[in-house]
Amino acid sequence: MPDTTPQRTAERVRDSMLRTDHATRALGMEVLQIAPGTATLAMRVRQDMLNGHGTCHGGLIATLADSAFAFACNSYDELTVASGFGIDFLAPARLDDLLTARCDEVSKAGRTGVYDTVVTNERGERIAIFRGRSYTAKGRPAVPAA
């Protein structure tokens, strides 16, 4: 009998999504942790991620947070997409900073969910706070069956 615990489901979804998530992989993101309703990703700030002020482009910080959000809200293996998000930038990220985005489910009811993601650097300084809103297509798996 296959292991179908919620944790194993989250891990299977992570593995399958990561294989086809070209944006996450192209930016060098790593999934550090996954569990039902939560995910933690990391990304090192590279030279090609810097804006005209020499700091990490805000859109790339938002992409890191959005990727953590995607893994967290799909961890139940129900096809879930973003219906919107907001982000507040608190401090700049700089070249070679290791950014970590931890996303946690705040609320999941029916087809909608709310998830908060905090992005920090390796010194524990908060770089951004992201709130994502999700919509779940009930009855549709997030990834193909194993």
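Provided above is the structure to which this section pertains.
Quick look at the structure, then. (Residues numbered from 1 in each chain as written. Predicted model: local features only at pLDDT ≥ 70, side-chain atom pairs only at ≥ 80, totals over all residues. Heavy atoms only, no water.)

Taken as a whole, this structure holds three aromatic pairs when the rule is applied. Pairing Phe 69 with Tyr 115 gives two aromatic rings, centres 5.6 Å apart and planes at 55 degrees, and the pair type is tilted. With Phe 69 in helix 3 (residues 58-73) and Tyr 115 in strand 5 (residues 112-120), the pair connects residues that are 46 residues apart, well separated along the chain. Overall, Phe 69 belongs to the buried group, its relative accessible area being 1%. Accessibility expressed as a relative area gives 1% for Tyr 115, which makes it buried. (Phe/Tyr/Trp six-rings, centres within 6.5 Å; stacked < 30°, edge-to-face > 60°. Helix = DSSP H or I, 4+ residues; strand = E, 2+ residues; numbered from the N terminus. Buried < 20%, exposed > 50% of the residue type's maximum accessible area, 1.4 Å probe, protein only.)

Looking now at the pairing of strand 1 (residues 30-35). Examined bridge by bridge, strand 1 and strand 2 (residues 38-44) share five bridges and lie antiparallel to one another. Each bridged residue has a counterpart across the sheet, and for Gln 33 the counterpart in strand 2 is Thr 40. What sits between the antiparallel neighbours strand 1 and strand 2 is a turn of two residues, in which Gly 37 has the positive phi angle 80 degrees. (Pairing = 2+ DSSP bridges.)

Read from one edge to the other, the open sheet built from six strands follows the order 1-2-4-5-6-3, with strand pairing classed as antiparallel. The sheet is open, and its two borders are formed by strand 1 and strand 3 (80-89), each paired with just one other strand. Put simply, the sheet's adjacent strands are angled 20 degrees from each other on average, direction ignored. In this sheet, strand 4 (residues 98-109) lies alongside strand 2 in antiparallel orientation, the contact comprising seven bridges. For Arg 44, the partnering residue across the bridge sits in strand 4 and is Leu 98. (Axes fitted to C-alpha atoms, helices over the stretch in contact; angles between N-to-C directions.)

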